[in-house]
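Okay, here's what each chain looks like letter by letter:
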Amino acid sequence: MSNFTRRRLLSLAVALPSLGCGSLMPAGLVGPAPGSLKSNAKVYAFQTASFSYSFMMGHAFSWPRLLDPLMTDGIALLEALKAAGRSLAMELVFDDPNDSASLQVNFAFPKKGDPPPQSPYPPVALVEGVDGVVLHKGRIALYSVCAMMSQLNVSNDALQRHAFALLVIREKVKNGEKAGWFEPNRPQAETLADLNLALQIIADHHEQIQDWRARVLLMVALIHAFDRPGGIETLKAEVQKAHTDSERWLATHKQPTSDDFGVAMNELPTPESLIKNLDANLGIVGAVLQTAKGVVTGSPQETLDGLSKLAPKDSTVAVALNGLAAASKGDISGTIDAVAKLTGNEEQVNAFKRKLAPFQDLAKKAKGI
C-alpha cells in the first residue's frame, strides 16, 4: 500500500465524521452571556450530544462506503486469488501500537498450502494468474476495511478526552467552585445534573464504538476466510447487514437541537458505568482528582482544550489494533477475545462465535499448527 494511498484513505476516515454536520462545536455554546441560560438547561449535554452525533453519523455514513469497494474490487480480487490457487496474507504494521493513524497493511499471496513470507512482507507488484489492475484495486479495497478502525479510534479518543474534562469540572463544582464553562453562577444542582447527563451520553457513545470496532474485526476475519467453503458468501451477507445497520441508524437518529434535546432520548448508561470502565483501563479517577485540585478554570474554550489534553491515552486502541491484527491473520480465537474485551457483551460475542465457527481452524493455520 503506497503512502499516498494510505494518507488519502486516512484523511477520508478522519474527515467523514463532520461531513454534512458543520462544526463539531454547536453555535452559541461557547461563552454565553451571564444569565442567558434557561433554568435547568442541559447545555453540556447538548454540546456533548452534538459531538457524539457528528462522529456517529460519520461512522454510519462512511462504513458502507468503505465496504462498497470490497463488494466490487475486493471480491473480484478474492475470487481471482481463489481461482489461481492463491491464499491471502495480511501484515498490519503500526508505527505506534497505540495510534491507529499509523496503520499500514502489507499483502502477500502465497500459493495455497504455502506459509506466508516472514515479516516484513516484501512488496508485491504482480501475482501469477491475477490481473494487475484487479490486484491493485483489490488491495485498496481490502485496506479500506481496516482503515475504518482509525476513524473509530479517533472518535473514541475524542469523546474520552471530553469525558475527562467534564469529570474534572464536575469534581470542582462538587467542591463548591464556580467552575462551569457555561454560566458558572448556575445553582450547583443544575450544573451537576447537566454534567451527569453529558457523561451518560459519552458512556453510550463509548458502548457504540466498541460495537463498531467489533464489526470491523468480524469483517476482516471473514475476508481472511475467503478461500474456505462458504467464505465469500458469508462475507457478502455481512456486508449487506452492515448496509442495513447503517441505514437504520441514520433513519432513527437526528442532529440534536437546543429546542428538542432530551425529549426523545433512549435509555442511557449511567455516568458511573463510564467512570468504572475508564478507571479500570486508565486509572482515570486519580488523574481527575489530581487535575481538579491543580487546574484553575479559565475561559470555556481554554478549559476544554487544556483539560482534554491532560487526559490519559485511550488504552482500548491497543486492544482494537491487536484484535485487528488477529483477524487479519485468521486467528479466530484472538479476534473473539478482542471483541469480548472491547464490548463485554456476551450475546454479541456468542453471535460472532457462531458466524466464525465454520472458519475456526484458521486459527491453527495462522499459528502454523
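Nothing here was measured: the structure is a model prediction, and the numbers come from that model.

Colleague: Would you mind showing me how to read the pattern of salt bridges here?
Modeller: Two side chains with opposite charge may pair up if their charged atoms get near one another. Tallied over the full model, the rule gives twelve salt bridges. We note a salt bridge from Lys-137 to Asp-73, for which the minimum N-O separation is 3.8 Å. Placement of the pair is Lys-137 in helix 3 (residues 132-174) and Asp-73 in helix 2 (residues 43-83), with a sequence separation of 64 residues. What makes Asp-73 partly exposed here is its relative accessible area of 22%. Note that Lys-355 and Glu-238 form a salt bridge whose closest N and O atoms lie 2.9 Å from each other. Taken together, the positions of Lys-355 in helix 11 (residues 346-356) and Glu-238 in helix 5 (residues 231-252) put the pair 117 residues apart, joining distant regions of the chain.

Colleague: I would appreciate a short explanation of unusual backbone geometry in the present structure.
Modeller: The phi angle of most residues is negative, glycine excepted, and most peptide bonds adopt the trans form. Residues Ser-119 and Pro-120 are joined by a peptide bond in cis, for which omega reads 0°. Note that Pro-120 resides in the loop between strand 2 (103-108) and helix 3.

Colleague: Would you mind showing me how to read the nonpolar core here?
Modeller: Burial of nonpolar side chains together is a common tendency in soluble globular proteins. Core analysis: the biggest nonpolar cluster contains 63 residues, and Trp-63, Leu-70, Leu-88, Met-219 and Leu-324 have the highest contact counts within it. If we skip the residues at most four places from it in the chain, Leu-70 touches Ile-75, Ala-141, Leu-142, Val-145, Met-219, Ile-223, Leu-235 and Val-239. Core analysis: the next-biggest nonpolar cluster, separate from the first, contains 26 residues, Ala-49, Ile-169, Leu-192 and Ile-202 among them.

Colleague: Sorry, what's going on with the environment of Ser-155 here?
Modeller: Along the chain, Ser-155 turns up in helix 3. Among the residues examined, Ser-155 registers a relative accessible area of 0% and is labelled buried. Dropping the residues within four chain positions of it, Ser-155 is found in contact with Phe-55, His-59, His-205 and Ile-209.

Criteria and thresholds
- Residues numbered from 1 in each chain as written.
- Predicted model: local features only at pLDDT ≥ 70, side-chain atom pairs only at ≥ 80, totals over all residues.
- Heavy atoms only, no water.
- Salt bridge = Lys/Arg side-chain N within 4 Å of Asp/Glu carboxyl O.
- Helix = DSSP H or I, 4+ residues; strand = E, 2+ residues; numbered from the N terminus.
- Buried < 20%, exposed > 50% of the residue type's maximum accessible area, 1.4 Å probe, protein only.
- Core = buried A, V, L, I, M, F, W, Y, C linked by side-chain atoms within 4.5 Å.
- Contact = heavy atoms within 4.5 Å.

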